[in-house]
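# Descriptive structure summary
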Amino acid sequence: RPKTKRAKRFLEKREPKLKENTKNAMLLKGGNANLTVTEVLKDIYAVKKPFAVMYKKKNITRPFEDQTSLEFFSKKSDCSLFLFGSHNKKRPNNLVIGRMFDYHVLDMIELGVEKFVSLKDVKNSKCPEGTKPMLIFAGDMFDVNEEYRRLKSLLIDFFRGPSVPSIRLAGLEYVLHFTAVDGKIYMRSYKVLLKKSGCKIPRIELEEMGPSLDLVMRRTHLASDDLYKLSLKQPKALKPKKKKNISHDVFGSTYGRIHMQKQDLGKLQTRKMKGLKKRPAEKSAEDGGVSPKKSKSA
């Protein structure tokens, strides 16, 4: 139980919500991280801000052997995503990207950096902090291979940013492009330039902004199917309620079924034609008696 009001507010922020907050990421470096790994972490932090926490001190840990330190930092900083950088002779320029579920490691993929171009090396204008990027994935491996499919889901979780109700054209100014080909993953980032085109729709140009990474997949630690399915479970309050008597066809048209009381079709008004006109005998039978004849006028 919280002893102060400040502790109570802190615990209320950590409580489960129907609509969760934007996922934060923590960036850590191992005890033997070199300059390349440090620069990669700094550039990813610049892209991810303000939804990121950067730990500057070195942490002597091996995520694939012992995950307790990662889980401790995740609970301390309330981060469900992490990026760990290290360097050694066996695995040079090593990055481990992963995510948490209930403060325990869910997925974890190890990537090796073969080529790196920093934000500082590209002398172009940069996007402002907190810009929501557009994510593009190219390559059949992201749809065929299970490890690459999980990596795609992990990258979307890491870079997608906050959920927004609407989008304006001028806000689409940052692109992250991932290409999987020949066993490598190429990450490129571009700034979108809106040029005059002489019509309402502007002409689009892409200008390389940085960072740029050539990655290769090394080790993977993927969650089991049952645990992964449990992590995707949504509360019942968020699921849309099914509306009765409404159906949709393959073209997206909506059809509704209306229930009405039983109607007497005998009283239905039809088109007035001589052939459908009732005879005097039929009228008198409906009225229950013989109608008196009209007297001729003198």
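Here, the structure is the one placed above.
What comes next is a walk through the structure. (Residues numbered from 1 in each chain as written. Predicted model: local features only at pLDDT ≥ 70, side-chain atom pairs only at ≥ 80, totals over all residues. Heavy atoms only, no water.)

### Some thoughts on the pattern of salt bridges
The full count for this structure, using the stated rule, is 14 salt bridges. Of the charged contacts in the structure, one is a salt bridge between Glu-110 and Arg-91, with a shortest N-O distance of 3.3 Å. Of this pair, Glu-110 sits in strand S5 (residues 104-117) while Arg-91 sits in the loop between strand S3 (81-86) and strand S4 (94-101), and the two are 19 residues apart along the sequence. In this structure, a network of salt bridges that share partners links the residues Lys-23, Arg-99, Asp-107, Glu-146, Arg-149, Arg-150, Asp-157 and Arg-160. (Salt bridge = Lys/Arg side-chain N within 4 Å of Asp/Glu carboxyl O. Helix = DSSP H or I, 4+ residues; strand = E, 2+ residues; numbered from the N terminus.)

### A closer look at the nonpolar core
Judged by nonpolar contacts, the single largest core of 34 residues is most densely connected at Ile-44, Leu-83, Ile-97, Leu-111, Phe-158 and Phe-159. Of all the elements, helix H5 (residues 146-159) adds the most residues to this core, at six residues. Among residues more than four places away in sequence, those in contact with Phe-159 are Ile-44, Val-47, Lys-48, Pro-133, Leu-135, Leu-176, Phe-178 and Met-187. Residues Tyr-55, Leu-70, Cys-79 and Phe-82 belong to the second largest nonpolar core, which totals twelve residues. (Core = buried A, V, L, I, M, F, W, Y, C linked by side-chain atoms within 4.5 Å. Buried < 20%, exposed > 50% of the residue type's maximum accessible area, 1.4 Å probe, protein only. Contact = heavy atoms within 4.5 Å.)

### Focus: helix H3 (residues 68-77)
Listing the buried residues of H3 in full gives Leu-70, Glu-71, Phe-73, Ser-74 and Ser-77. The arc enclosing the buried residues of H3, seen along the axis, measures out at 165 degrees, which places them on a common side. Residues of H3 that are exposed and point more than 90 degrees away from the buried face comprise Phe-72, Lys-75 and Lys-76. Buried residues in H3 make contact with helix H1 (5-14), strand S1 (25-30), strand S2 (52-59), S3, S4 and S5. (Arc of directions from axis to C-beta.)

### Examining the pairing of S3
Within S3, six of the six residues are buried, leaving the element largely enclosed by the surrounding structure. Burial along S3 is two-sided: Leu-81, Leu-83 and Gly-85 and Phe-82, Phe-84 and Ser-86, pointing in opposite directions, are all buried. Relative to S3, S1 runs parallel, the two being bridged by five bridges. Its bridge partner lying in S3, Ala-25 is registered against Leu-81. Here S3 pairs with S4 via six bridges, running antiparallel. In the sheet register, Phe-84 faces S4, and the bridge partner there is Val-96. (Pairing = 2+ DSSP bridges.)

### Re the environment of Gly-183
Note on placement: Gly-183 falls in the loop between strand S7 (174-181) and strand S8 (184-195). Sequence separation of Gly-183 and Leu-215 is 32 residues, and the distance between their C-alpha atoms is 9.1 Å. Leaving out residues up to four positions away in the same chain, Gly-183 has contacts with Tyr-148, Val-216 and Met-217.

### Considerations on the side chain of Asp-214
The residue Asp-214 is located in strand S10 (residues 212-221) in this model. A relative accessible area of 12% places Asp-214 in the buried class.

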